[in-house]
Structures are given as structure tokens and as C-alpha cells.
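Now for the letters of each chain:
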Amino acid sequence: MGKPDQGRDTVDEIVAAWQRELPAVATLELELTKRATRLGALLAEAANRELAEAGLTKAEYEVLAALRATGAPYRLRPTELASRLLLSSGGTSNLLRRLTDSGLVVREADARDARSSWVRLTDAGVTTAETAVRAATTAQRELLAVVPESTGRVVADLLREVLIALGDTPRG
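These remarks concern the structure in this document. (Residues numbered from 1 in each chain as written. Predicted model: local features only at pLDDT ≥ 70, side-chain atom pairs only at ≥ 80, totals over all residues. Heavy atoms only, no water.)

**Looking at helix α1 (residues 10-21)**
Moving on, step 1. The end-to-end C-alpha separation of α1 is 17 Å, in line with the 16 Å expected for twelve residues at 1.5 Å each.
Moving on, step 2. For α1, every residue scored as buried is listed here: V11, D12 and V15. Projection of α1 onto a plane perpendicular to its axis shows the buried side chains occupying an angular sector of 100 degrees, all on one side. Turned more than 90 degrees from where α1 packs its buried face, E13, R20 and E21 sit exposed.
Moving on, step 3. Against the buried residues of α1 lie α2 (28-53).
Moving on, step 4. Capping the start of α1 is the job of one residue whose side-chain oxygen sits 3.1 Å from the backbone nitrogen of V11: D9. (Helix = DSSP H or I, 4+ residues; strand = E, 2+ residues; numbered from the N terminus. Expected span 1.5 Å × (residues − 1). Buried < 20%, exposed > 50% of the residue type's maximum accessible area, 1.4 Å probe, protein only. Arc of directions from axis to C-beta. Contact = heavy atoms within 4.5 Å. Polar contact = N/O pair within 3.5 Å; in protein donor to acceptor, adjacent residues only side chain to side chain.)

Quick look at the structure:
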């Protein structure tokens, strides 16, 4: 098998196929969607290998990372977690149950509001979150090492512009 064409990617083949079969769908939207999805999948695959070695699922990692990113005392309300992670309340409850059973989080009553509670990282949860975030980041950095930093910066800035134009801005 010969060397792949350095000027083309997998998405170019997908677009070319649609151009032959149904030209009206071989659009910029298709290219953006496929490339964003493909990049996300490659980065997730690199991170997921590290998470599996740490015994964490992607969803468990996301909860731990969200809590760790809040800073001490590393806590959020379950509804805030669900909102940040785009999870249902049932999905969040299942994750929190597993993480509680693993000793990585605790659920605490809100002293000011008996109807509410907090989810907080335990000391083991903080350590696990930090280890997992570092490992996932290193795996993604190694994957992207072949991309010039200036190219990565331009792409990140352009993606931000697209997301802002689509209304994806902070909710607070």
C-alpha cells in the first residue's frame, strides 16, 4: 500500500462520495461536522485509553474533572453537574452512586437548604481526578504533537468563533 496523500483526509473521501451520489449534501456543513466529529473522536480515543488504565469510564472522568475544576472544596450540586455534563438526572444519579461506592465522592446535605445536597470529591477523588486529567491531557498532547502549535492555536480560535456564533456561551 502506498503512502497516503498528504493533502487529503478521510473526510475528503466522504465528501467526494456524497458529491458523486447526492451533490446537494456535499457541503461545508458536512465537512465541518465530519471534521469536528473525527477530531473529537481521535482526542477522545487517546484519552479513553488512559482512563481505562485508571479504571474510569469517560462519564466518571467527566464528573471527577468537573468537580476538581471548581477548586476547593471541589463540590457542586447534582443539578449543576448534570447541566455541565449534559446528563439526565437519572444518569447523573447512577454515576454518583458508582463514584460514591468507589470512595471518590461523597454526597452532603446542604446546611442552608434541607431539600438540596452537594457532591464533593473525597481526598482520594481529588488525587484520582488530578491523575486522570494529567494522563488524558498527556495522551492528547502526544497525539497532537505532529500539529504545529501555531496551527492548533488558529484552529482553536476559529472553533471558538464558530461556537460563539452558534450561541454556545457561558451560562452564568
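From this point, things continue past the structure.
**A look at the pattern of salt bridges**
Moving on, step 1. Taken as a whole and judged by the stated rule, the model has eleven salt bridges.
Moving on, step 2. Across the pair R77 and D110 runs a salt bridge, and its minimum N-O distance is 2.8 Å. With R77 in the loop between β1 (75-76) and α4 (78-85) and D110 in strand β2 (residues 105-110), this residue pair connects regions lying 33 residues apart in the sequence.
Moving on, step 3. Under the relative-accessibility criterion, R77 is labelled partly exposed at 24%.
Moving on, step 4. One salt-bridge network, held together by shared partners, links D9, D12, E31 and R35. (Salt bridge = Lys/Arg side-chain N within 4 Å of Asp/Glu carboxyl O.)

**Re the pairing of strand β3 (residues 113-121)**
For a regular strand, side-chain orientation follows a simple rule: the groups alternate between the two sheet faces.
Moving on, step 1. Direction of pairing for β1 relative to β3: antiparallel, over a ladder of two bridges. Residue pairing for β3: L76 is matched across the bridge by V119.
Moving on, step 2. Strand direction decides the pairing type here: β2 and β3, joined by six bridges, are antiparallel. For A109, the partnering residue across the bridge sits in β3 and is S117. (Pairing = 2+ DSSP bridges.)

**Focus on the packing of aromatic side chains**
Each aromatic ring pair is summarised here by two numbers: the centre-to-centre distance and the angle between the ring planes.
Moving on, step 1. Tallied over the full model, the rule gives zero aromatic pairs.
Moving on, step 2. Above the plane of the ring of W118 lies R77, whose end atom (NZ or CZ) is 4.1 Å from the centre. (Phe/Tyr/Trp six-rings, centres within 6.5 Å; stacked < 30°, edge-to-face > 60°. Lys NZ or Arg CZ within 6 Å of the ring centre and 35° of its normal.)

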